[in-house]
Amino acid sequence: SYYPDELGNTWFLRSTDGFDERTVTIRGPETINGEAVKIIEEKTNDNINQLFIKAEPDGVKLFRSVVSIDLLGKIVFSYSPPQIFLPIPIDLGSKWSVESETTIPLAGRIRTINRAEVVAIEDVTVPAGTFQNCLKIEQNITLSLTIADLALSNVMWLAPNIGLVKATDTNE
């Protein structure tokens, strides 16, 4: 597994400039539409995002996401049916996307498309050590608002049986 989802699993990441700290923790369980799900809670400084997931034979499925965006506040996206957050099996060249739409008072309709692809399998060295055979996953996210579109990109490295060991994004 590239994203071990046992309750309490926690990953700590720090930006290279030392200003931002990101903590990712598996919490739960909660129930959505009669399904027991776990929560990937990502806290960066005072900002908290949550992904409500469930591991199934064909992949880790996404049921809901709650994201905080500075000017817009907390935004809830629901996925019905649930969408693939991380496919199983996953290999070099695997591609997938997650799409959703919601409406919020300040911005109106918001549509999001997250396209992901495993672009490499490589060894990664970070202050916590060297991790072998990590999946390098590039994500391109488009947030379409009534007034404008916002494009974000990030890269995450997942180590086998460990999970997230490194991440970069357009905010760093």
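Check the entry above for the structure.
Residues numbered from 1 in each chain as written. Predicted model: local features only at pLDDT ≥ 70, side-chain atom pairs only at ≥ 80, totals over all residues. Heavy atoms only, no water.

**Student:** Summarise the pattern of salt bridges; cite the residues concerned and give the values.
**Tutor:** As enumerated under the stated definition, the model contains 10 salt bridges in all. Between aspartate 5 and lysine 38 there is a salt bridge, with its nearest N and O atoms 3.7 Å apart. Residue aspartate 5 is located in the segment before strand S1 (10-14), and its partner lysine 38 is located in strand S3 (residues 35-44); the two are separated by 33 residues in the primary sequence. What makes aspartate 5 buried here is its relative accessible area of 16%. Overall, the relative accessible area of 27% leaves lysine 38 in the partly exposed class. As a salt-bridge pair, glutamate 42 and arginine 22 come within 3.9 Å of each other at their nearest N and O atoms. With glutamate 42 in strand S3 and arginine 22 in strand S2 (residues 21-32), this pair connects stretches of sequence that are 20 residues apart. When salt bridges that share partners are traced, they join Arg22, Glu42 and Asp169 into one network. (Salt bridge = Lys/Arg side-chain N within 4 Å of Asp/Glu carboxyl O. Helix = DSSP H or I, 4+ residues; strand = E, 2+ residues; numbered from the N terminus. Buried < 20%, exposed > 50% of the residue type's maximum accessible area, 1.4 Å probe, protein only.)

**Student:** Go over the pairing of strand S7 (residues 95-104), please, and point to the residues and values.
**Tutor:** Burial along S7 is one-sided: the residues Trp96, Val98, Ser100, Thr102 and Ile104 are buried and none of Lys95, Ser97, Glu99, Glu101 and Thr103 is. Both S7 and strand S8 (residues 108-126) contribute to a ladder of 10 bridges, which runs antiparallel. Bridge pairing in S8 links serine 97 to arginine 115. Turn length for the S7-S8 hairpin, with the two strands adjacent in sequence and antiparallel, is three residues. (Pairing = 2+ DSSP bridges.)

By themselves, these observations are geometric and do not establish any function.
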